[in-house]
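Each chain, letter by letter, is given below.
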Amino acid sequence: MELIKRALARAFARFEAVFEYAFGQRNTPFACLGALGWYFYWIVAATGVYLYIFFDTGITDAYASVEYMTHDQWYAAGVMRSLHRYASDALVIVVVLHIFREFAFDRLRGRRFFAWLTGLPLLAFIYICGISGYWLVWDQLAQYIAVATTEWLDTLPVFGEPIANNFLDSTTLGGRFFTLMVFIHIFGPLFMLLLMWIHIQRHSGAKVNPPRPLAIGTVGVLVVLSVVFPAVSQAPADLDVVPAELGFDWFYLAGYPLLDIVPGGQLWLYIFAAFLVLAVLPWMPPAKRVPAAAVNLENCNGCTRCFDDCPFSAINMVPRTDGRAYESEPVVNVNQCTSCGICAGACPTSTPFRRSGPLQPGIELPHRSIADLRDELVAGTEKARVVIFACDTGDTDDLEEGGVKVMRLPCVGMLPPSFVDFALARHYADGIMIAGCAEGDCHHRLGNEWTIERMARRRDPYLRQRADERRLCLSWLPRGSSRRRQRALAEFRAALSEIDDE
Amino acid sequence: MNKVVQALLYGAFAACIGYLSAAPTYQYADPELAVIKLSLNHAADRVEECTKLTPQQINERAMKGEPINECARARRPLAVELDVDGTTVLSLAAIPSGLWNDGPASVYERFAIEAGAHTITARLRDSARETGWDYEYSEEVDLVPGRYFTITFRAGNGGFAFR
């Protein structure tokens, strides 16, 4: 499993490098596939509402109403129809990539299983909604889908009379099943929206909007495609005629030709097995159990910064229980905490300057304490003039060299800004490099975003004004960028030398 | 950022969606062939005949709120056969639906066949008889290429219907 993930991650890294070059790190589509999914959903929903105004929901007039939209009102409803189709196809693309990417970058195991599991029914609903949409056009493709789908459903031992009989020939054609499809195509997306909301429940500040340049570019290209290459219907459905050759939307219908070679019941089994495998992936193998963040109430004043910064909604603020004169205290939900340590980085008591008593902040990771971090920084930095704080997932293995010390954290968001000030002010280092994931694509969702803001003194806890920014280098790079990282380090060291020469 | 590469990637995205949303075409059926659809849904006789109860027994059961028929619930499998020009192309026994096999049995089959003149014979057995058929219908038909030919069955309408 690990090998598959690594191979996939490498493939993504190579592929994404092109996109990063073209779009820049913040706007690369791969960093916001989920948000793009939401975006395409809204495009499909908005265009669908418009199309519904002109759509005749009766089976006898549905085709004519779609033809009217496509040809007579091509400039509005026609474009909307094409946009409806193409945005639906784009939705499939980003969702499939999203699934593979989250798997490749191992963002599904341990306490992150929830989003993965709740995403699986969404995948099924995307297909149900898409296929039912093709049905409504009631052209030859719709006829094929109606017959093939009902024949396939009939292989399940739940229907008394074959439901394919609804589409036996033109004399048996009734609107009953068609009406059911209209109902599914309207209420399916609404239910999907509920599932999408559940899907992001354990993500605080979930990204549901892509960056504006990408949003404008994407919708622009889909509109151009809709005008240049409008979606059209095929010949009208006729249940007495065998649809021979069909223009196929492979994004939604790729599984249908399998019904020609695999018995329907067997195909159900394959799909069920595939979903089962997907469902158990977060536990293949089970993630190493890492202790959740722990609250030290005696050093906590209930400032809520950990609550604000936790990317996984794992911290709740509850009324104070220790009788001290603070309003609230944080409580960590151990089932949601991914042990990223971002809460420790947000805690104002995580300061290495503290002299009275042991260094124990209001919240921290038991297995990677702030006190240990200070000890590690202090120890052995005599010769290391550059200290790199790197996240575990970064490509920093090759960076350790003469004069460079690499300190690994679960996420760079765990680094309190006071550590940078401490290391520079106490001359434990000439320069500090923070090496994390690509911007907008933090393995722990928000670690690099918070770090950028803290170091830029825009987010509490702020980096102290006296810290020389020239001696701080923030390096945000995607996976598989070890050479670029080395280059960034070399440039930083050269810049430090220039400062020292001044 | 590189606008040219960006434009190329947008173009590739649009081309991928534009092309795969309607092509390549899928050849579902050979337009030179006709397709026969056989569909029926029929309850065969029960495996055991209902026991004849006396009027007194019926009254007693009615008083107790019990069923007034005494029958084993299970039905027989439905034997169905289809010949085209004297050759059997389909022969099957459809199992009755329901957990206790007490519902109607369904058959739904679809297969392609050379267009042109054919003699089609459909047969069905729903009783305890071991030989012969309870329903049989034969007709010379002219199958049109690219069109469906439907065979249905309604016992109340006299059996098989070809259209």
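These remarks concern the structure in this document. Just so it is clear, the structure is predicted and the values come from calculations on it, not from any experiment. (Residues numbered from 1 in each chain as written. Chains lettered and ligands numbered in written order. Predicted model: local features only at pLDDT ≥ 70, side-chain atom pairs only at ≥ 80, totals over all residues. Heavy atoms only, no water.)

### A few points about the sheet that holds strand β7 (residues 135-143) of chain B
Residues and elements named next belong to chain B.
- Spatial strand order, β4-β3-β6-β7: 4 strands in an open sheet with antiparallel pairing. Of all the strands in the sheet, the pair left with one neighbour each is β4 (87-94) and β7. If you compare each strand with its neighbour and ignore which way they point, the axes differ by 15° on average.
- As judged from the 6 bridges shared by strand β3 (residues 78-84) and strand β6 (residues 116-125), these two strands associate in the antiparallel manner. Opposite Val-80, over in β6, you have Leu-124 as the bridge partner. (Pairing = 2+ DSSP bridges. Helix = DSSP H or I, 4+ residues; strand = E, 2+ residues; numbered from the N terminus. Axes fitted to C-alpha atoms, helices over the stretch in contact; angles between N-to-C directions.)

### Quick word on the environment of Pro-348 of chain A
Residues and elements named next belong to chain A.
- One can find Pro-348 in the loop between α12 (342-346) and β5 (363-364).
- A relative accessible area of 33% means that Pro-348 is categorised as partly exposed.
- In sequence terms Pro-348 and Pro-416 are 68 residues apart; their C-alpha atoms lie 7.9 Å from each other.
- Residues in contact with Pro-348, not counting those within four places in the same chain, are Cys-303 and Arg-305. (Buried < 20%, exposed > 50% of the residue type's maximum accessible area, 1.4 Å probe, protein only. Contact = heavy atoms within 4.5 Å.)

### Some thoughts on the interface of chain B and chain A
- Residue-level contacts link 36 residues of chain B with 50 residues of chain A.
- Taking both partners together, chain B and chain A bury about 3,800 Å²; carbon and sulfur atoms supply 63% of that area.
- Residue Glu-151 of chain A pairs with Arg-110 of chain B through a salt bridge whose shortest N-O separation is 2.7 Å.
- At the junction of chain B and chain A, the tally comes to 22 residue pairs in polar contact (both at pLDDT 80 or more).
- Residue assignment for the side of chain B that touches chain A shows that the elements contributing at least two residues are α1 (3-20), β1 (26-27), β2 (33-42), β5 (105-114) and β8 (148-154) of chain B.
- Among the elements that take part in the side of chain B that touches chain A, α1 of chain B stands out by supplying 10 residues, more than any other.
- Class assignment of the residues belonging to the side of chain B that touches chain A gives a composition of 19 nonpolar, 12 polar and 5 charged. (Buried area = accessible area lost by both parts, 1.4 Å probe. Salt bridge = Lys/Arg side-chain N within 4 Å of Asp/Glu carboxyl O. Polar contact = N/O pair within 3.5 Å; in protein donor to acceptor, adjacent residues only side chain to side chain. Nonpolar A, V, L, I, M, F, W, Y, C, P; charged D, E, K, R; others polar.)

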